[in-house]
Amino acid sequence: MEKKPFVTLEQIREIAKTYPTPFHIYDEKGIRENARRLYDAFSWNKGFREYFAVKATPNPFLLKILQEEGCGTDCSSLTELMMSEATGFHGSDIMFSSNVTPAEEYAYASRLGATINLDDFTHIDFLEKICGIPETISCRYNPGGLFQVKGEFMDNPGDAKYGFTTEQLVEGFRILKSKGVKNFGLHAFLASNTVSNDYYPVLARLLFETAVRLTRETGAHIAFINLSGGIGIPYLPEQESNDIYKIARGVQEAYEEVLVPAGLSDVALYTELGRYMLAPYGHLVTQVIHQKHIHKEYLGCDACAVNLMRPAMYGAYHHITVLGKENKPCDHKYDVTGSLCENNDKFAIDRLLPQVDVGDYLVLHDTGAHGFSMGYNYNGKLRSAELLLRENGEVQLIRRAETPADYFATFDFCDLFESFQ
Ligand SMILES: *Cc1c(COP(=O)(O)O)cnc(C)c1O
């Protein structure tokens with residue numbers, strides 16, 4: 001499918017007068033419509049709830065929008081918990097799906113009344129010593145082996161650091177029950193960025209069967225099953241999008257075939273989607289500031305890998321639109337680069353684009369999740385601003401760009417950088 005930006009050249013020219021490029025911009029309308037589709041698709045399940053994975057896009061203004069659409073948050077660090085708290089999420093609005101968890105983070109999550117999702121059998125004792133065992137708790141499952149969907153390998157849980165083994169889960173539920181747990185949750189995250197309508201249904205069936213077994217063997221009351229994240233998006237224009245209604249129907253079939261006959265017909269389903277909720281509704285907007293003609297043709301942008309790490313880190317594809325040249329033929333081949341002293345700082349290699357001129361604005365698509373949030377400060381580069389395109393067409397600053405003073409802030413114990421403050 002053709003990828004169309006949600007902003008025009010005219011809009012970006014206007015916005016750039018106030019907020020210079022590069023910046024990330026998010027589309028409120030798209031975010032809300034997508035969240036409503038998700039809730040609609042799963043409306044057959046009474047307790048359904050999406051806990052947005054904060055790590056994907058940790059911005060309180062975006063969390064607020066998702067909160068208004070009924071979502072909670074999924075956190076895995078102290079600052080993600082703090083951001084959820086500051087944004088007005090309370091108690092069971094917060095899922096704490098951490099791993100290798102420091103003691104103070106469990107203590108903080110416990111004080112907030114967040115639902116704790118234990119990553120490991122040994123964390124039962126660890127948690128008990130820190131803050132006691134709550135009445136509601138969840139455990140993360142790792143079935144090991146290879147995870148296949150319709151004969152295709154999706155991922156390799158046997159190599160993943162997360163979760164309890166099956167035997168540990170049975171033993172863990174017994175112990176937790178003896179320590180007073182009344183409501184259990186079961187969680188697994190077995191494949192990432194799946195562009196397939198079958199991932200959730202296959203995962204759900206596995207978790208449902210495990211839940212039935214756990215109920216039989218331990219007498220535990222399973223209150224919810226958390227399908228976690230992993231629904232992907234089509235980064236490539238020729239990829240077909242997931243159909244959330246098909247996905248939800250597939251999960252419903254498994255629910256009716258496995259849980260209902262076992263008497264488990266009141267289990268709530270949770271998700272912890274990150275990418276699916278926001279990735280398509282964010283753009284990284286950058287201006288071409290240089291062109292270079294050596295052994296290849298290079299476009300030099302005012303954004304670089306610190307603003308979007310996925311191409312450098314995973315070789316990930318992000319579609320690029322040259323604003324104002326949407327209908328021109330893509331008959332020029334470029335490497336699209338940033339300014340890091342690091343040769344993998346390329347948003348695209350050998351990408352066919354219309355003829356680009358210095359001063360053109362590029363939209364990098366699908367940067368609304370795992371985009372800004374993976375940013376870093378290599379080469380002393382500063383993080384960009386984040387903007388929100390409101391439903392009424394206004395543009396709101398939702399995070400200012402970093403300044404050198406932010407970069408030097410961790411030297412505030414000495415006076416070397418005082419003149420830059
Ligand atoms: C990263 C993560 C998610 C979200 O993953 P997406 O690929 O963005 O859907 C959800 N839950 C946990 C525990 C995670 O670590």
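Predicted model, so just to flag it, every value in this text is computed and none were measured. (Residues numbered from 1 in each chain as written. Predicted model: local features only at pLDDT ≥ 70, side-chain atom pairs only at ≥ 80, totals over all residues. Heavy atoms only, no water.)

J.: I'd love a proper account of helix H4 (residues 78-87), names of residues and values included.
T.: Those residues of H4 that fall on the buried side of the exposure criterion are Glu80, Leu81, Ser84 and Thr87. Looking straight down H4, one finds that the buried residues subtend no more than 130° of arc, so they occupy a single side. Across H4 from its buried face, at more than 90 degrees, point the exposed residues Thr79 and Ala86. Buried-residue contacts for H4 involve helix H3 (60-68), strand E3 (72-75), strand E4 (94-96) and helix H5 (103-112). Once H4 ends, the next one or two residues include Gly88, with phi positive near 100°. (Buried < 20%, exposed > 50% of the residue type's maximum accessible area, 1.4 Å probe, protein only. Helix = DSSP H or I, 4+ residues; strand = E, 2+ residues; numbered from the N terminus. Arc of directions from axis to C-beta. Contact = heavy atoms within 4.5 Å.)

J.: Tell me about the site of the ligand, and please be specific about residues and values.
T.: In the vicinity of the ligand, 15 residues are found, and the nearest of them are Lys55, Gly230, Glu272, Arg275 and His370. In the model, an oxygen atom of the ligand is placed 2.7 Å from a nitrogen or oxygen of the His370 side chain. Coverage of the ligand by the protein amounts to 91% of the 390 Å² it exposes when considered alone. For the shell around the ligand, the per-class residue count stands at three nonpolar, seven polar and five charged. (Near = heavy atom within 4 Å. Polar contact = N/O pair within 3.5 Å; in protein donor to acceptor, adjacent residues only side chain to side chain. Areas by Shrake-Rupley, 256 points an atom, 1.4 Å probe, with all protein chains shown as cover. Nonpolar A, V, L, I, M, F, W, Y, C, P; charged D, E, K, R; others polar.)

J.: Explain unusual backbone geometry to me, using residue names and the numbers behind them.
T.: Pro22 follows Thr21 through a cis peptide bond whose omega is 0°. For Lys150, which is not glycine, the phi torsion reads 50° and is therefore positive. As for its position among the elements, Lys150 is in the loop between strand E7 (147-149) and strand E8 (152-155). When its relative accessible area of 70% is taken as the criterion, Lys150 is described as exposed. With a phi close to 60°, Ser228 is a non-glycine residue in the positive phi region. Looking at where Ser228 falls in the secondary structure, it is placed in the loop between strand E10 (222-226) and helix H9 (244-259).

J.: Give me the lowdown on the pairing of E3, citing residues and values where you can.
T.: Judged by which residues are buried, E3 turns out to be covered on both faces: Gly72 and Asp74 on one side and Thr73 and Cys75 on the other are all buried. By the bridge criterion, three bridges tie strand E2 (residues 49-53) to E3 in an arrangement that is parallel. In the strand pairing of E3, Phe52 is matched with Thr73. For the crossover from E2 across H3 to E3, the handedness is right-handed. Two elements, E3 and E4, share three bridges in a ladder whose sense is parallel. Its bridge partner being in E4, Cys75 is matched across the sheet by Phe96. Of the crossover connections in this fold, the one passing from E3 over H4 to the parallel E4 is right-handed. (Pairing = 2+ DSSP bridges. Right-handed = clockwise from strand over helix to strand, strands pointing away.)

J.: Any chance you could break down the sheet that holds strand E11 (residues 268-271) for me, citing the residues and the numbers?
T.: Reading around the barrel, the eight strands line up as E2-E3-E4-E5-E6-E9-E10-E11 and close back on themselves, with parallel pairing between neighbours. Geometrically, the sheet is characterised by an average inter-axis angle of 25° between neighbouring strands, direction not taken into account. The pairing of E4 with strand E5 (residues 115-118) spans two bridges and is classified as parallel. Paired with Met95 across the bridge in E5 is Thr115. Of the strands in this sheet, E5, strand E6 (136-140), strand E9 (183-187) and E10 touch helix H7 (residues 166-178), which is tilted by about 155° from E9. (Axes fitted to C-alpha atoms, helices over the stretch in contact; angles between N-to-C directions.)

J.: Pulling in residues and values, what's your account of the side chain of Thr115?
T.: Among the structural elements, Thr115 can be located in strand E5. Classification of Thr115 as buried rests on a relative accessible area of 8%. Beyond its immediate chain neighbours, meaning those up to four positions away, Thr115 contacts Gly91, Ser92, Ile94, Met95, Phe96, Thr136 and Phe224.

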